[in-house]
Amino acid sequence: MRYALICIDKPNALQTRTDNRAAHLAYIQETGVVEQAGPFIDAAGQMCGSLVILGVASKAEADAWAAGDPYAKAGLFQSVMVQEWKRVIG
């Protein structure tokens, strides 16, 4: 199954994102369940959130992955939505 994590940063949290980016990317590598990922970009061209596509067996696994993300642990996100997702194209 695939799950999309749609994460929106707290306002003015770019420094938190920058400070934790290396740990976030290492977590992605270490866990091996991320199929696609990347930041949302605001009108000023700055990172302001994340879209992460996970290949996991259950929503509970997706929720656990999201909770373990260094960005989440650092308090970066204003909101996180975990939604089952079906790839149709690509």
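This write-up is about the structure you can find in this document. The shown structure was predicted, so the numbers you read here are calculated from the model rather than taken from an experiment.

Definitions and cut-offs
Residues numbered from 1 in each chain as written. Predicted model: local features only at pLDDT ≥ 70, side-chain atom pairs only at ≥ 80, totals over all residues. Heavy atoms only, no water. Salt bridge = Lys/Arg side-chain N within 4 Å of Asp/Glu carboxyl O. Buried < 20%, exposed > 50% of the residue type's maximum accessible area, 1.4 Å probe, protein only. Helix = DSSP H or I, 4+ residues; strand = E, 2+ residues; numbered from the N terminus. Phe/Tyr/Trp six-rings, centres within 6.5 Å; stacked < 30°, edge-to-face > 60°. Pairing = 2+ DSSP bridges. Core = buried A, V, L, I, M, F, W, Y, C linked by side-chain atoms within 4.5 Å. Arc of directions from axis to C-beta. Contact = heavy atoms within 4.5 Å.

Here's the deal with the pattern of salt bridges
Between side chains of opposite charge, pairing is possible as soon as their charged atoms come close.
Logical step 1: All chains considered together, the criterion is met by 3 salt bridges.
Logical step 2: Ionic pairing is found between D9 and R17, a salt bridge with its closest N-O pair at 2.8 Å. Each member of the pair, D9 together with R17, is buried.
Logical step 3: The partner of D63 in a salt bridge is K59, and the shortest N-O contact between them spans 3.1 Å. Note that D63 and K59 are positioned in helix α2 (residues 59–68) at a spacing of 4 residues, about one turn of the helix.

Describing the packing of aromatic side chains
Logical step 1: In this structure the tally under the stated criterion is 2 aromatic pairs.
Logical step 2: A centroid spacing of 4.7 Å and a plane angle of 40° characterise the contact between Y27 and W65, whose relative ring orientation is tilted. Taken together, the residues span a long stretch of sequence, with Y27 in helix α1 (residues 14–31) and W65 in helix α2 at a distance of 38 residues. One exposure class covers both Y27 and W65, and it is buried.
Logical step 3: Where Y71 meets F77, the ring centres are 6.1 Å apart and the plane angle is 85°; that geometry is what we call edge-to-face.
Logical step 4: Assessed through its relative accessible area of 0%, Y71 is described here as buried.
Logical step 5: The buried category is assigned to F77, whose relative accessible area is 12%.

Brief notes about the pairing of strand β1 (residues 2–9)
Logical step 1: One ladder, built from 7 bridges, connects β1 with strand β3 (residues 47–55); its direction is antiparallel. Within β3, the position partnered with C7 by the bridge is S50.
Logical step 2: Bridge count for β1 against strand β4 (residues 77–85) is 8 bridges, and the pairing is antiparallel. In the sheet register, R2 faces β4, and the bridge partner there is W85.

Structural notes on the nonpolar core
Logical step 1: Ranked by internal contacts, the top residues of the largest apolar core, which has 16 residues, are L5, L54, A62 and W65.
Logical step 2: When residues of this core are traced back to their parent elements, those giving at least two are β1, α1, β3, α2 and β4.

Describing α2
Logical step 1: For α2, the set of buried residues is A62, W65, A66 and G68. Angularly, the buried residues of α2 cover 165° about the axis, an arc narrow enough to put them on a single face. Seen from the open side of α2, the exposed residues pointing more than 90 degrees away from its buried face are A60 and A67.
Logical step 2: Those residues of α2 that are buried are in contact with β1, α1, β2 (34–41), β3, α3 (70–73) and β4.

Distances and angles like these do not, on their own, reveal function.
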